[in-house]
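# Observations on the model geometry
As a plain string of letters, each chain reads:
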Amino acid sequence: MLKKAILTSFFLLTSSFVIPLNNMYINNISYAETESKEFETVLKKLKEKIAPDDRIVLFDIQAKKVEGIINLTGKVLNLSEKQIIIKEFEKLGKINDKIETFPFKETGDMSYAIINSPVMNIRANPKHSAELVSQAIMGAGMKIISKQKDKDEWLYVSMEEDKYLGWVRKPDISFVNKADFDTWFNHNKVIVTDPVVNLLNSANKKDSSEFKLYLTTRVNLMGEKGDFYKVRTPKGNKHYSDKEYFIPKSSARMIGNKLNPIKDPKKELVVKSKSMISAPYLWGGTSPAMMDCSGLTQMLYKFAGYSIPRDADQQQSFSKPVKSRDDLQVGDLVFFSENKKYATHVGMYIGDKRFIHSSVGYNGVAITSFDPKDPLFNQTYINIYYGAGRIIK
């Protein structure tokens, strides 16, 4: 998936120190402008240090000087980030610190949330027509940053696992306090291992299905009954929530309360990836229903018990570089770039000089070869090859 547009990190840079008296007015305007530019420079440097990737790091800080005091306002998620900002501005004068850290006053006690629908869209702006930047699936957690001001439908959030920032709809989530949030994530889970599985009302495959869960969905394990796991979904959805269901053991596995690598992950990654062939492409998609390139690789690695970043360039930075295509091993990520500045596309190497990827050009998930003698060869991917990365040693 291409590197995303900036979602956050905006500056409101003003300085108020004006005396409206003839030449003094002009002089002080000049002084205020110089001061404002100085603040802007400091904030720019701080952003580069604290939030070099604003897809995953919140940096919403404003600086304004009033009556000789520098007022710092806005939001960052962590106290350590706030302390860095304050330390830098203290070099410029006296500080009035009004920077908020999570949890924020706006959201109060219910500053956490858990997805209660099978798939949740994450958008660049609070409207249905906005760019789909990512998705997340039932059971995933998030921190609430802010609420939509004009309508009570959208929330700006930071996803707990890959830290992605974006706007989500309130009906797709359940608000919880910190204690309930921790309880959910500390509970033993099962993870769905089939592309799609029906959630059943009883331990009987012929029984009615309430809804479907997708690959890598994690729900609470409540027990076992024969060939089934008894599970519980998150609270909050009027159609299906806080209720016990059954999943065939053949379609899920127990994982405790966190992801852990599966046995023989390279072999399993190849098998699972091939089950995705022909799944349609969707920019921002991360589920087996529809996915983009990095959504496919992130999902596959989560299935294998590894948590990796969301986008192609982030995945390249996260992985260990592989020297050349001759050194590729099964499971390695292969990267491509049309701009030769950062990875804009990613696939997973499956052996025999072939890789699997989700591509617009193929209308979805397909296998492509680096070998000119292979009928699946495509010269384009030789031309834009941008290196490879290893996750599994």
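All of the points below concern the structure found in this document. (Residues numbered from 1 in each chain as written. Predicted model: local features only at pLDDT ≥ 70, side-chain atom pairs only at ≥ 80, totals over all residues. Heavy atoms only, no water.)

What follows is about the layout of surface pockets. Size it by volume and the largest pocket reaches roughly 530 Å³. Around the largest pocket sit 28 residues that line it, and Ala140, Glu161, Phe185, Arg218 and Lys302 are the ones nearest its centre. Taken together, the elements giving at least two residues each to the lining of the largest pocket come down to strand E7 (132-137), helix H3 (178-186) and helix H5 (293-303). Across the lining of the largest pocket, the residue classes tally to eleven nonpolar, ten polar and seven charged. (1 Å grid on protein atoms, 1.4 Å probe; cavity = no way out; pocket = protein on both sides within 12 Å on 5 of 7 lines; lining within 4 Å. Points joined across faces, edges and corners; volume = space filled by probe spheres on them. Helix = DSSP H or I, 4+ residues; strand = E, 2+ residues; numbered from the N terminus. Nonpolar A, V, L, I, M, F, W, Y, C, P; charged D, E, K, R; others polar.)

Let us now look at the sheet that holds strand E21 (residues 320-322). Read from one edge of the open sheet, six strands run E21-E26-E22-E23-E24-E25, paired in antiparallel fashion. The open sheet has two free edges, formed respectively by E21 and strand E25 (364-369), since each of these has just one partner strand. The mean angle between the axes of side-by-side strands here comes to 35°, regardless of whether they run parallel or antiparallel. Direction of pairing for strand E23 (residues 345-351) relative to strand E24 (residues 354-359): antiparallel, over a ladder of three bridges. Bridging across to E24, Gly351 finds its partner in Arg354. Contacts from helix H4 (residues 265-274) reach E23, E24 and E25 within the one sheet, and its direction differs from that of E23 by about 115°. Most of the contacts of H5 go to E23, to which it runs at about 45°, and overall it touches strand E22 (333-336), E23, E24 and E25. (Pairing = 2+ DSSP bridges. Axes fitted to C-alpha atoms, helices over the stretch in contact; angles between N-to-C directions. Contact = heavy atoms within 4.5 Å.)

Before going further, it helps to spend a moment on the nonpolar core. The biggest cluster of nonpolar side chains holds 28 residues, and the ones touching the most others in it are Tyr301, Leu333 and Met348. Going through the elements one at a time, H4, H5, E22, E23 and E25 are the ones with two or more residues in this core. Take this core: its biggest share by element is six residues, from H5. If we skip the residues at most four places from it in the chain, Tyr301 touches Leu269, Tyr306, Ile308, Gly331, Asp332, Leu333, Met348, Ile391 and Ile392. One finds Ile50, Ala51, Ile70 and Val76 within the second-largest nonpolar core, a separate group that totals 18 residues. (Core = buried A, V, L, I, M, F, W, Y, C linked by side-chain atoms within 4.5 Å. Buried < 20%, exposed > 50% of the residue type's maximum accessible area, 1.4 Å probe, protein only.)

A word on H4. Among all positions in H4, only Pro265, Leu269, Val270, Lys272 and Ser273 are buried. Next to the buried residues of H4 lie H5, E23 and E24.

Turning to the environment of Asn125, a few remarks are in order. Examined against the element boundaries, Asn125 turns out to sit in the loop between strand E6 (119-123) and E7. Along the primary structure Asn125 and Trp154 are separated by 29 residues, whereas in three dimensions their C-alpha atoms are 9.0 Å apart. Once residues lying within four places of it in the same chain are set aside, the contact partners of Asn125 are Ala130 and Trp167.

A few words now on the pairing of strand E5 (residues 112-115). Both faces of the sheet carry side chains from a regular strand, because those side chains alternate between them. Alternating residues of E5 divide into Tyr112 and Ile114 and Ala113 and Ile115, and every residue in both groups is buried. In the sheet, E5 pairs with strand E8 (residues 141-147) via three bridges, with the strands oriented antiparallel. What sits directly across from Tyr112, in E8, is Lys143. Relative to strand E11 (residues 173-176), E5 is paired through four bridges, and the arrangement is antiparallel. When the sheet's bridge partners are listed, Ile114 is paired in E11 with Ser174.

As a further point, take the side chain of Ser319. Looking at the secondary structure, you find Ser319 in the loop between helix H6 (312-318) and E21. The buried category is assigned to Ser319, whose relative accessible area is 6%. There is a polar contact of 3.2 Å between the side chain of Ser319 and the backbone oxygen of Gln316. Every residue in contact with Ser319, bar those within four places of it in the chain, is listed here: Phe335, Gly389, Arg390 and Ile391. (Polar contact = N/O pair within 3.5 Å; in protein donor to acceptor, adjacent residues only side chain to side chain.)

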